[in-house]
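Structure at a glance
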Amino acid sequence: HSIFVMLFLPDILIILITNDRKKEIKKELPDVVDIFESTVVSGIDVGTSFNLAAEYVNGKELKKELSLLAAKYAVTKDKDQALLDFRNNINMYDTDLLVLALMQDNKTGRAQDMLESLAHAQANNMIAMVEKNAKAVEYRVLMVCSLMAVSTALMIFYPYLILDSGMSNIFK
């Protein structure tokens, strides 16, 4: 058994660390989308928007990736390649959408519309998650109340269910 655990422990640890990293990034991504949307609307340079986003976020992982994105763009001035590297480093569906929206500015000029749609979609997703969590809490409360009712009923009727006393003595 210990050999089996030793073989899979590194993989399990990597999966857990990766999931924690993605959760941390996903938590701050809506704010980053809002920053990019605001900078596109106000006509701020792409490099400046990358730097603003990197300065704004608090999460270590997303700050590191945004700083790397800003640095790659500052050195190469190749926005598409810097964004593709950013997308590949994070490897999440949400960042894929963000990168595609930012890349549309050169191709269709519709980055603002796409970022706005992405921001609304993320807001709706957050609302749905909150409602789902609220519903789960309601079910837990219902389960606890049900268990309390059953345990109370058992405490009340316990003396009548014992074989040596209660109802069994009445029918002897």
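In this report, the structure presented in the accompanying data block is examined. (Residues numbered from 1 in each chain as written. Predicted model: local features only at pLDDT ≥ 70, side-chain atom pairs only at ≥ 80, totals over all residues. Heavy atoms only, no water.)

Quick notes on the packing of helix α2 (residues 46-56) against helix α3 (residues 60-76)
- One can describe the packing of α2 onto α3 by two numbers: an axis separation of 8 Å at closest approach and a directional angle of 160 degrees. Comparing the axis directions of α2 and α3 gives the class roughly antiparallel. In this structure, the crossing between α2 and α3 has a hand that is left-handed. Each of V46, G47, F50, N51, A53, A54 and E55 in α2 lies in contact with α3, whose residues at this interface are K63, L66, S67, L69, A70 and Y73.
- Counted by class, the contact of α2 with α3 contains 8 nonpolar, 3 polar and 2 charged residues. (Axes fitted to C-alpha atoms, helices over the stretch in contact; angles between N-to-C directions. Helix = DSSP H or I, 4+ residues; strand = E, 2+ residues; numbered from the N terminus. Parallel < 35°, antiparallel > 145°, perpendicular 65-115°, else oblique. Left-handed = near helix turned anticlockwise from the far one by under 90°. Contact = heavy atoms within 4.5 Å. Nonpolar A, V, L, I, M, F, W, Y, C, P; charged D, E, K, R; others polar.)

Concerning the packing of helix α1 (residues 2-42) against α2
- Two elements in contact, α1 and α2, have axes whose closest approach is 10 Å; the angle formed by their N-to-C orientations is 150 degrees. On the basis of the axis angle, α1 is roughly antiparallel to α2. The handedness of the crossing between α1 and α2 comes out as right-handed. Contacts between α1 and α2 pair D31, V32, I35, F36 and T39 from the former with S49, F50, L52, A53 and Y56 from the latter.
- Residues belonging to the contact of α1 with α2 are distributed by class as follows: 7 nonpolar, 2 polar and 1 charged.

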